[in-house]
Amino acid sequence: MSKMEVKTSLLDNMIGVGDMVLLEPLAEESFIKNLRKRFDHNEIYTYIGSVVISINPYRALPIYTPDKVEEYRNRNFYELSPHIYALADEAYRSLRDQDKDQCILITGESGAGKTEASKLVMSYVAAVCGKGAEVNQVKEQLLQSNPVLEAFGNAKTVRNDNSSRFGKYMDVEFDFKGDPLGGVISNYLLEKSRVVKQPRGERNFHIFYQLLSGASEDMLKKLKLERDFSKYNYLSLDSATVTGVDDAVCFRTVKNAMQIVGFMDNETQSVLELVGAVLKLGNIEFKPESRVNEVDESRVKDKNELKEICELLGIEQSVLERAFSFRTVEAKQEKVSTTLNVAQAYYARDALAKNLYSRLFTWLVNRINESIKAQTKKRKKVMGVLDIYGFEIFEENSFEQFIINYCNEKLQQIFIELTLKEEQEEYIREDIEWTHIEYFNNSVICDLIENNTNGIMAMLDEECLRPGTVTDSTFLEKLNQICADHQHFESRMSKSSKFLNDHSLPHNCFRIQHYAGKVLYHVDGFVDKNNDLLYRDLSQAMWKANHSLIKSLFPDGNPAKINLKRPPTAGSQFKASVATLMKNLQTKNPNYIRCIKPNDQKASHIFTDSLVCHQVRYLGLMENVRVRRAGYAFRQPYDACLERYKMLCKQTWPHWRGQARDGVEVLLKDLQIPEDEYSYGRSKIFIRNPRTLFSLEEQRKRRLHGLATLIQKIYRGWKTRTHFLLMKSSQVTVAAWYRRYAQQTKYKKTKSSAIMVQSFIRGWKARKILRDLKYQKRCKEAVTTIGAYWHGTQARRELRRLKEEARNRRAVTVIWASWQGTKAHTELGRLKEEARNKTLVYITWGWYGGESGSLPSFQARRELKRLKEEARCKHAVAVIWAYWLGLKVRREYRKFFRAHAGKRIYAFTIQRIMQKYFLELKNKMPSMSPCDKTWPARPYLFLDSTHRELRRIFHLWTCKKYRGQFTDQKKAIYEEKLEASEIFKDKKALYPSSVSQPFQGDYLEINKNPRYQKLNSLVEEKIIFADIVNKINRANGKGAQRIFLLTKSKFMLADQKSGQQIKSSVPLAELTSVSMSTQSDGFFALRVKEGTTAAAKGDFLLNSERIIEIITKLHRAGLDLTKEKIQIEITDEFLVQFKQDKVCVKFIQNGPKNGTMASCKRKNNRLLEVTVPSP
Ligand SMILES: Nc1ncnc2c1ncn2[C@@H]1O[C@H](COP(=O)(O)OP(=O)(O)OP(=O)(O)O)[C@@H](O)[C@H]1O
Ligand SMILES: [Mg+2]
């Protein structure tokens, strides 16, 4: 969104009047009052039309910030309150956009702020013009030329701590886009007398102090200078420092600026050497030396200083010394050398110093110009800035003031001419009738000074060039003669009788009535200063210098180019340069800045009316206003005017649709302003009287109040209405939300109540159903129970009946049986009786019949037996039947008994769990490796013991399975390994390494190896073990290799070399024990039973790597043979029987340095030491 453009005007919030043209009434008093009022409100700028009056605030005001630059950029001149930036912007824009060359003329008295104003203009233009690396460098060089020129051309004076002691005109050149290309500086009349003498309270040019304060010790030494100001005659001591200014810092700034501007290091050095030389010149003193012809001749007092100057400048000392003592005058090819007296020598010295410095200054300006000059030959647009000394009226005014005031007179002339011209041009442009303007034309004063025939300057030149004695009084006399009649010239000797009584006019003075006031000039020094002579001997001495810069400064010293013509006088030179300047200015569009100094104390906030009044007068500001107001006091473009005052008329407010001019016409008519008060130009309305404008402004102000009230009213109405509508809509929203909330709450409440009621009813219903169901269930249960009881009763009854039946049957059976029995018994008895009778009969018969009598008793018995058997069977049948019936009844009724249900469920559950457990276990079974110790986690606590038992069983089973794979051979090997483990595990250090080695037994392959064929034939039994061992000699402990053979019943030692001879053969039954150490050695002792043949030599001490296998096999064989275990002793110290001796075998662990093999040594009769390397 673009920023809303607010049209402002100079007339807004004005303090006093911003433009003096509007001052009412116009008088000097009101003019000063207006300036003072504005000054008191920090408004230091005031316009007179397009001229800016600037009052020095003597303090930093916050009105030169980048924001201010932006504020004034591209704004119309009268749009904002008066400011130097407005003028700079106007000038720059008309240069850039309208292709008009500009000049900015800054005038005012010393200390009024001219130099500051010129810097502000330059900095503004630099800020608003184009940018880019090259452009920025040009800008920087232009801006940095200031500090250099200020250091060499400015000095502290009583009026200004940084007073410009030269006039400066700088042309800044721009290209068609308005980008700076370069510049040209012109300088006017440096006040060189300051080099040798400064008035009280003032000091020499800044550079001297800056050099002495800021230069390094090294540099000072090179320049043959001392830091102490008091060492130099040319430096006044009473005000050698400037408050608030650090000369040392300034020196660095100047050096830096010189570098930026483009000075080479050697150039800077040369410049400083010249500055040093000037300082030292002041220290040269002269003494008179009497000569024969009684004329005093000057001589240099202390030649040391002279010598140093000569060294510094590369001049031959004698040449310079002579130049200070003699003067050569050349006339008509004749050279006349005259001696100089002391006064003349001093004059010559000072002249040299002044000349040297002023020429150096001019060289500096030229050098800067060389650097800053535009690099293109294309047409350029030019903006000139003139910072020149203002009109000066001192108590004692001399040649310099005369020259300066002449310059100001010329500037005033051009100012009036151009202002009037511009005014006139504007009237013509705007088609307004031109009315004649009365004003004071100072050309008559200019004429008095510059007229070529009888002007004061011409007079002075004439006097200077005239042969014969020429003094300042002869010059005054001449003036008195020639200018006496001039109305602006006064002198005591003037013929005009009216001044005869004027005692304020001394004899050696003349007075000129300048446009700005009367100035009294003392003629003393006019001739000399105008002549500005430097003795040729001195310029020649300088030319001879071996210093390129100084040589270039004195081209007139070159004897080859001797010019007998006198050089132009200072006055004529100045006149010529002023004329050039004026010509230059006339071609440009002028912009004026009139600087005013508010007080003499250089203090802020002090406004001395008389001082300001004086300046207003001599700057001709009142004149300026009058000229500006002569026709029409105020003018404004139609659209701006309409924009500003349109609210005063109904037709033009708020919008005027037609042409702006017509709008203004309607407006002015409506306001009933008399017609002679204004005129219609082409693009502007011209208002004759400021009063009319103020009345318009007043009406506008009142109307604005009304409008503001209206706007306020409408705004307030709008605001309140908006607020009301907002409140209303908010209220509706709030109400809606509240209603919704209330309804929601109510609904929730109702819903929860409904749910609660519903739940109660449902609960009640459910309980009722539950009750019914329970009742039904109970009924069913009761029925069941009753049924069960009934069935039980039935069953029991049936059982009882059946039992009864069975009992009855049994009883029947028993009774039957017993009846049968009884019957049988009776039958038996009967039969017995019968038999007996028969027997009796038989007996009787027998008695009669013999052997056949035995037959009936046998039959009877058989019959009895059969009967008994039959009875028994029947009884058994009855019993079985009864049991069977009982079983049947129980089986039938078991299902009616619930007591078994729990047990069955329990059994079923347990069955299921077990089933699951076993199935899971089946799936998670660990591997079949007996070493695999993993076992699934127990699922139930109650299965803990089962689980453990299963694990144990499984392990045993896997072991069994594993064992089942073994062949007998392998089994035997493992048995052996197991046995070895039982014997050696955790007892002998060698054991772990033997575990992985399979027990091979016959290492020598006695059966197959033809080498041992004989030995094989000597051993009848199967060889269990055969290997080479080391037998320890009982006498000395040394080892000898033997074949160790083990069979089921004995062990043998055979000679290893022949392999045939059995040296010892010991039955295993004669072996009592085996001893060995706990360590990793292979020594073992085989103890033999005392009294046996083998024991004759004593126990065997052997050494073998396969000790574990040997001992295990020995142990096994011994056990198999004798069913008794061979005693195995594992200890590091044991006794053995060697023949008659009991020898202690001691095992000592030693460091690895003693070899990797265990060694054995017989120490004495009692001790045999085995050294075992540590593992
Ligand atoms: N606009 C300003 N704001 C603040 N201080 C200012 C302003 N103008 C001038 N001054 C102060 O006044 C002093 C004198 O100003 P400046 O050197 O511009 O005077 P001048 O007119 O050039 O005098 P001279 O003719 O002696 O060279 C400055 O050093 C500065 O301290
Ligand atoms: Mg200045």
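Worth saying up front: this structure is predicted, and the values here are computed from it rather than measured. (Residues numbered from 1 in each chain as written. Chains lettered and ligands numbered in written order. Predicted model: local features only at pLDDT ≥ 70, side-chain atom pairs only at ≥ 80, totals over all residues. Heavy atoms only, no water.)

1. A short note on the site of ligand 1
Alright, step 1. The environment of ligand 1 is made up of 17 residues, and the closest members are Ser110, Lys114, Thr115, Ser163 and Ser164.
Alright, step 2. The separation between an oxygen atom of ligand 1 and a polar main-chain atom of Ala112 is 3.3 Å.
Alright, step 3. The contact in question runs from an oxygen atom of ligand 1 to an N or O atom on the side chain of Ser163, over 2.5 Å.
Alright, step 4. Against a free-state accessible area of 620 Å², the protein chains account for coverage of 85% of ligand 1.
Alright, step 5. Within the residue set of the shell around ligand 1, elements represented by two or more residues are helix 4 (114–128) and strand 5 (163–164).
Alright, step 6. The greatest single-element share of the shell around ligand 1, amounting to three residues, is contributed by helix 4.
Alright, step 7. Along the lines of polarity and charge, the residues of the shell around ligand 1 split into four nonpolar, nine polar and four charged. (Near = heavy atom within 4 Å. Polar contact = N/O pair within 3.5 Å; in protein donor to acceptor, adjacent residues only side chain to side chain. Areas by Shrake-Rupley, 256 points an atom, 1.4 Å probe, with all protein chains shown as cover. Helix = DSSP H or I, 4+ residues; strand = E, 2+ residues; numbered from the N terminus. Nonpolar A, V, L, I, M, F, W, Y, C, P; charged D, E, K, R; others polar.)

2. Quick word on the coordination of the magnesium ion (ligand 2)
For a metal with four tetrahedral donors the ideal donor-metal-donor angle is 109.5 degrees, while six octahedral donors give ideal angles of 90 or 180 degrees.
Alright, step 1. Distances from the magnesium ion (ligand 2) to its protein donors, Thr115 (OG1) and Ser164 (OG), fall within 1.9 to 2.0 Å. Within this pair, whereas Thr115 is found in helix 4, its partner Ser164 is found in strand 5, the two being separated by 49 residues in sequence.
Alright, step 2. We classify Thr115 as buried; its relative accessible area is 13%. (Donors = N, O, S within 2.8 Å, 3.2 Å for Na, K, Ca; no water. Buried < 20%, exposed > 50% of the residue type's maximum accessible area, 1.4 Å probe, protein only.)

3. What about the sheet that holds strand 20 (residues 1025–1032)?
Sheet strands pair by backbone hydrogen bonding; their relative direction is either parallel or antiparallel.
Alright, step 1. Taken together, the eight strands give an open sheet; going across it, the order is 23-22-21-20-26-25-24-27, and neighbouring strands pair in mixed fashion. With partners counted over all chains shown, the strands left at the sheet margins are strand 23 (1062–1067) and strand 27 (1127–1130), one partner each. Neighbouring strand axes in the sheet, compared pairwise and without regard to direction, differ in orientation by 30° on average.
Alright, step 2. Relative to strand 25 (residues 1083–1088), helix 32 (residues 1107–1122) is tilted by about 25°, and along the sheet it contacts strand 20, strand 21 (1039–1046), strand 22 (1050–1055), strand 24 (1071–1076), strand 25 and strand 27. (Pairing = 2+ DSSP bridges. Axes fitted to C-alpha atoms, helices over the stretch in contact; angles between N-to-C directions. Contact = heavy atoms within 4.5 Å.)

4. Some remarks on a positive patch on the surface
Alright, step 1. Positive charge collects at one region of the surface, where Arg796, Arg797, Arg800, Lys803 and Arg890 lie side by side.
Alright, step 2. Examining the composition of the positive patch, we find that four residues originate from one element, helix 25 (residues 690–849), more than from any other.
Alright, step 3. Within the secondary structure, Lys803 is located in helix 25. (Patch = residues over 30% accessible without salt bridge, like charges linked within 9 Å, V, L, I, M, F, W, Y side chains within 5 Å. Salt bridge = Lys/Arg side-chain N within 4 Å of Asp/Glu carboxyl O. Lys, Arg positive; Asp, Glu negative; His and termini not counted. Charge placed at Lys NZ, Arg CZ, Asp CG, Glu CD.)

5. Here we look at the environment of Lys1113
Alright, step 1. Following the sequence through the fold, Lys1113 ends up in helix 32.
Alright, step 2. A relative accessible area of 5% places Lys1113 in the buried class.
Alright, step 3. With 907 residues separating them in the primary sequence, Lys1113 and His206 have C-alpha atoms 124 Å apart.

6. Brief notes about the pairing of strand 31 (residues 1167–1173)
Alright, step 1. The buried fraction of strand 31 is high, at six of seven residues.
Alright, step 2. Where strand 29 (residues 1141–1150) lies against strand 31, seven bridges are found, and the strand directions are parallel. Residue pairing for strand 31: Lys1146 is matched across the bridge by Glu1169.
Alright, step 3. Sheet analysis places strand 30 (residues 1159–1162) next to strand 31, joined by four bridges and oriented antiparallel. Residue Arg1162 lies in a different strand from strand 31, and its bridge partner there is Leu1168.
Alright, step 4. Connecting strand 30 to the antiparallel partner strand 31 that follows it, the hairpin turn spans four residues.

7. Some details on the packing of aromatic side chains
Alright, step 1. In this structure the tally under the stated criterion is 42 aromatic pairs.
Alright, step 2. When the ring of Tyr427 is compared with that of Phe686, the centres are 5.8 Å apart and the planes differ by 90°; the resulting orientation is edge-to-face. With a gap of 259 residues between them, Tyr427 in helix 13 (residues 399–429) and Phe686 in strand 19 (residues 684–687) connect regions that are remote in the sequence.
Alright, step 3. Owing to a relative accessible area of 0%, Tyr427 belongs among the buried residues under this scheme.
Alright, step 4. On the accessibility criterion, Phe686 (0% relative accessible area) is buried.
Alright, step 5. Summarising the aromatic geometry, the rings of Tyr678 and Tyr680 are spaced 5.4 Å apart at their centres and angled 70° between planes, so their arrangement reads as edge-to-face.
Alright, step 6. Taking relative accessible area as the criterion, Tyr678 reaches 8% and is therefore assigned buried.
Alright, step 7. Put simply, the rings of Phe399, Phe402, Phe475, Phe489, Phe510, Tyr521 and Phe526 pair up and form one aromatic cluster.
Alright, step 8. The aromatic ring of Tyr209 is capped on one face by Arg203, whose charged end is 4.1 Å from the ring centroid. (Phe/Tyr/Trp six-rings, centres within 6.5 Å; stacked < 30°, edge-to-face > 60°. Lys NZ or Arg CZ within 6 Å of the ring centre and 35° of its normal.)

8. Focus: the nonpolar core
Alright, step 1. Among the nonpolar cores identified, the biggest contains 209 residues, and Phe31, Phe152, Phe208, Leu320 and Phe510 are the most heavily contacted of them.
Alright, step 2. Element by element, the count of residues in this core is highest for helix 12 (residues 342–372), at 15 residues.
Alright, step 3. Look past the residues within four positions of Phe31 in its chain and what remains in contact with it is Met20, Leu23, Ile48, Ile53, Val616, Leu621, Met622 and Val625.
Alright, step 4. Counting 32 residues, the second largest nonpolar core, distinct from the first, contains Val1029, Val1066, Leu1086 and Leu1102. (Core = buried A, V, L, I, M, F, W, Y, C linked by side-chain atoms within 4.5 Å.)

9. A short note on the sheet that holds strand 30
Alright, step 1. If you walk across this open sheet you meet the four strands as 28-29-31-30, and the pairing is mixed. A strand with exactly one partner marks an edge of an open sheet, and here the two such strands are strand 28 (1133–1138) and strand 30. Adjacent strand axes in the sheet meet at a mean angle of 25°, parallel and antiparallel pairs treated alike.
Alright, step 2. As defined by bridge partners, strand 28 adjoins strand 29 across six bridges and the pair is classed as antiparallel.

10. Focus: a nonpolar patch on the surface
Alright, step 1. Nonpolar side chains collect at one region of the surface, where Ile711, Tyr715 and Trp718 lie side by side and expose about 350 Å² of accessible area between them.
Alright, step 2. Using a relative accessible area of 55% as the deciding quantity, one classes Ile711 as exposed.

11. Comments concerning the side chain of Thr107
Alright, step 1. If you trace the backbone, Thr107 turns up in strand 3 (residues 102–108).
Alright, step 2. Excluding residues within four positions of it along the chain, Thr107 makes contact with Lys114, Asn408, Leu411, Ile593, Arg594, Cys595 and Leu619.

12. A closer look at helix 16 (residues 472–483)
Because each turn of an α-helix spans 3.6 residues, side chains separated by three or four positions in sequence point in the same direction.
Alright, step 1. The terminal C-alpha atoms of helix 16, which comprises 12 residues, lie 16 Å apart, in line with the 16 Å expected from a rise of 1.5 Å per residue.
Alright, step 2. Turning to helix 16, its buried residues number three or more, namely Asp472, Phe475, Leu476, Lys478, Leu479, Asn480 and Cys483.
Alright, step 3. Against helix 14 (443–450), helix 15 (456–465), strand 13 (489–491), strand 14 (509–514) and helix 17 (526–531) lie the buried residues of helix 16. (Expected span 1.5 Å × (residues − 1).)

13. Let's talk about the confidence of the model for the chain
Alright, step 1. The pLDDT averaged across the chain works out to 85; a share of 92% of its residues lies at or above 70.
Alright, step 2. pLDDT under 50 marks residues 1–5. Its contacts with residues more than four places away, or in other chains, come to zero contacts. (pLDDT = per-residue confidence, 0-100.)

14. Considerations on the pattern of salt bridges
Alright, step 1. Summed over the entire model, instances satisfying the criterion amount to 65 salt bridges.
Alright, step 2. In this structure, Lys119 and Glu116 form a salt bridge, with 3.6 Å as the shortest nitrogen-oxygen distance. You can see Lys119 and its partner Glu116 sitting in helix 4, three residues apart, about one turn around the helix.
Alright, step 3. Classification of Lys119 by relative accessible area gives partly exposed; the value is 25%.
Alright, step 4. Residue class for Glu116 comes out partly exposed when judged on its relative accessible area of 47%.

15. Describing the packing of helix 9 (residues 265–281) against helix 10 (residues 303–313)
Alright, step 1. At their nearest, the axes of helix 9 and helix 10 sit 10 Å apart, and the two run at 165° to each other. Between helix 9 and helix 10, the angle is such that the two are roughly antiparallel. For the pair helix 9 and helix 10, the crossing hand works out as left-handed. On helix 10, the residues touching Glu273, Leu274, Gly276, Ala277, Lys280 and Leu281 of helix 9 are Glu305, Glu308, Ile309, Leu312 and Leu313.
Alright, step 2. When the residues that make up the contact of helix 9 with helix 10 are grouped by side-chain class, the tally is six nonpolar, one polar and four charged. (Parallel < 35°, antiparallel > 145°, perpendicular 65-115°, else oblique. Left-handed = near helix turned anticlockwise from the far one by under 90°.)

16. Considering the environment of Pro936
Alright, step 1. Inspection of the secondary structure puts Pro936 in the loop between helix 27 (899–923) and helix 28 (944–965).
Alright, step 2. For the pair Pro936 and Lys924, spaced 12 residues apart in the sequence, the C-alpha separation amounts to 6.4 Å.

17. Here we look at the pairing of strand 14
Alright, step 1. Of all six residues that make up strand 14, five are buried, and the element is covered over most of its length.
Alright, step 2. Bridge count between strand 13 and strand 14: three bridges; the pairing is antiparallel. Following the sheet pairing, Phe489 is matched in strand 14 by Ile512.
Alright, step 3. The pairing of strand 14 with strand 15 (residues 517–522) spans six bridges and is antiparallel. For Arg511, the partnering residue across the bridge sits in strand 15 and is Leu520.
Alright, step 4. Linking strand 14 back to strand 15 in an antiparallel pair, the connection comprises two residues.

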